[in-house]
Amino acid sequence: LLSVLTLFLKRYPHGPLLAILYSAGYAWMGIILIAAFVFAVSDLAALALNRAPWFQPRLLAKAALALLAVITAWAIYGGQKVPDIREITIPFKNLPPALEGFKIAQISDMHVDSNWKLRKFAGIVDRINSVNPDLVLVNSPMEAADGADALVVVTEWRVFQSPNLPRLKQLL
């Protein structure tokens, strides 16, 4: 029920209390998916090892639960923190002097589809702005509009063939 409620809530503006519920719903969906994978692998291992004289089903079950707890904790931690910035220097032969030190920031796979994720995205934008990039490349159609003063669409992205104008208005 929480997962279904989460998918419904993301379409509507909500305050801090509902944001917690929204976060919990997404975490719960992730835990269920991770648990299904861990338990499927555990069951396959039990099936393969069932005839071995040294096999202990309870030990395998405890190991599967411990693995599930570790993976879940790591996933929740990773989902809550603002991603790190990785700086890469790329040498170019015959680079014009005017482009020396030119900084390009690339953002991808943000999937900002709700107000809750939009607030999380703000921390990422702040982190990127802290390195003062000369150019920002965005690999997602809606994220390209976030915080922009105007939007000129010259693209083959299908999402902009019939754009979600209320969503774009919210982002601009």
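Just so it is clear, the structure is predicted and the values come from calculations on it, not from any experiment. (Residues numbered from 1 in each chain as written. Predicted model: local features only at pLDDT ≥ 70, side-chain atom pairs only at ≥ 80, totals over all residues. Heavy atoms only, no water.)

Draft legend 1. Geometry of helix α3 (residues 57-80). The end-to-end C-alpha distance of α3, which contains 24 residues, comes to 35 Å, matching closely the 34 Å that a straight helix rising 1.5 Å per residue would cover. Taken together, the buried positions of α3 are occupied by A64, L68 and T72. (Helix = DSSP H or I, 4+ residues; strand = E, 2+ residues; numbered from the N terminus. Expected span 1.5 Å × (residues − 1). Buried < 20%, exposed > 50% of the residue type's maximum accessible area, 1.4 Å probe, protein only.)

Draft legend 2. Broad picture of the layout of surface pockets. Taken as a whole, the largest pocket encloses approximately 1,100 Å³ of empty space. As for the largest pocket, its lining consists of 28 residues, and the residues nearest its centre are R86, E87, I88, I104 and A105. Those elements giving two or more residues to the lining of the largest pocket turn out to be β1 (104-107) and α4 (115-129). Here the lining of the largest pocket gets four residues from one element, more than from any other, and that element is β1. When its residues are assigned to classes, the lining of the largest pocket shows 18 nonpolar, four polar and six charged. (1 Å grid on protein atoms, 1.4 Å probe; cavity = no way out; pocket = protein on both sides within 12 Å on 5 of 7 lines; lining within 4 Å. Points joined across faces, edges and corners; volume = space filled by probe spheres on them. Nonpolar A, V, L, I, M, F, W, Y, C, P; charged D, E, K, R; others polar.)

Draft legend 3. Layout of a nonpolar patch on the surface. A cluster of nonpolar side chains, contributed by I88, I90, F92, L95, L99, F102, I104, L135 and L137, occupies part of the molecular surface with about 850 Å² of accessible area. With respect to the secondary-structure elements, I88 resides in the loop between α3 and β1. (Patch = residues over 30% accessible without salt bridge, like charges linked within 9 Å, V, L, I, M, F, W, Y side chains within 5 Å. Areas by Shrake-Rupley, 256 points an atom, 1.4 Å probe, with all protein chains shown as cover. Salt bridge = Lys/Arg side-chain N within 4 Å of Asp/Glu carboxyl O.)

Draft legend 4. Summary view of the side chain of T72. Following the sequence through the fold, T72 ends up in helix α3. Owing to a relative accessible area of 12%, T72 belongs among the buried residues under this scheme. For T72, the residues in contact, after removing those within four places along its chain, are I31 and I34. (Contact = heavy atoms within 4.5 Å.)

Draft legend 5. Main features of the pairing of β1. On β1, burial follows the alternation: A105 and I107 on one face are buried, whereas I104 and Q106 on the facing-out side are not. As defined by bridge partners, β1 adjoins strand β2 (residues 135-138) across four bridges and the pair is classed as parallel. Each residue of the ladder has a partner; that of Q106, found in β2, is L137. (Pairing = 2+ DSSP bridges.)

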